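# Remarks on the overall topology
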Amino acid sequence: MASDDPSEKKIRDLMWVERPAETHLSQSSTPGGSSSLARDDDNALVTHAVLFPAEDIIKLVAATAATAAAVGIVVGAAAVKAAPRVKNRFNDLKSKLNRKSQDTVQEAATANERTGQPSRRYRFR
């Protein structure tokens, strides 16, 4: 049984717990803690949970996070590098569209002059 003496030294380890599905860990006599006993919904003992050191999992998560950060940095750098080219292409497309709309207005005015109809002037506010 656990001692409540605060001067007693305790070691805490971070563990990875493996237990059968549809089981839960038993309540420990220490408040907020769990024991390694796996129990079913009726609180009947099913088996012992298996505890593994969590350092390997932490290293894996840290390596994955570092890889994700590196990929993010590369993608960000590529976006910064490509931004001026994308902006130029967008401006070229915009100017081509503006030219086409101006050409369409001029063609309509030319057609109206040939047919003798007065050209319409549009006022934008």
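Predicted, not measured: the structure shown is a model, and the values here were computed from it.

## Focus on the confidence of the model for the protein
Residues of the protein with pLDDT of at least 70 account for 78%, and the chain-wide mean is 80. When mean pLDDT is taken per element in the protein, strand E4 (residues 45–48) scores highest with 92 and helix H1 (residues 55–115) scores lowest with 82.

## Structural notes on the pairing of E4
Note: strand E3 (residues 34–39) against E4, 3 bridges, orientation antiparallel. Bridging from a neighbouring strand, Ala38 pairs with Thr47 of E4. The turn joining E3 and E4, which pair antiparallel and follow one another in sequence, is formed by 5 residues; a positive phi near 65° is taken by Asn43.

## Quick notes on the side chain of Ser26
If you trace the backbone, Ser26 turns up in strand E2 (residues 24–27). Overall, Ser26 belongs to the buried group, its relative accessible area being 7%. If near-sequence neighbours (up to four positions away) are discounted, Ser26 is found in contact with Gly33, Ser34, Ser35, Leu37 and Arg39.

## Quick look at unusual backbone geometry
For Glu22, which is not a glycine, the phi torsion comes out positive at approximately 60°. Note on placement: Glu22 falls in the loop between strand E1 (15–18) and E2. Residue Glu22 is classed as exposed on the basis of its relative accessible area, which comes to 74%. Even without glycine at this site, Asn43 takes up a positive phi of about 65°. Relative to the helices and strands, Asn43 is located in the loop between E3 and E4.

## Brief notes about the pairing of E3
Relative to E3, E2 runs antiparallel, the two sharing 3 bridges. Pairing of Leu25 across the sheet is with Ala38, part of E3. Taking the residues that link successive antiparallel strands as the turn, the E2-E3 hairpin has 6 residues, and the phi of Gly32 there is positive, at about 85°.

What counts, and where the lines are drawn
- Residues numbered from 1 in each chain as written.
- Predicted model: local features only at pLDDT ≥ 70, side-chain atom pairs only at ≥ 80, totals over all residues.
- Heavy atoms only, no water.
- pLDDT = per-residue confidence, 0-100.
- Helix = DSSP H or I, 4+ residues; strand = E, 2+ residues; numbered from the N terminus.
- Pairing = 2+ DSSP bridges.
- Buried < 20%, exposed > 50% of the residue type's maximum accessible area, 1.4 Å probe, protein only.
- Contact = heavy atoms within 4.5 Å.

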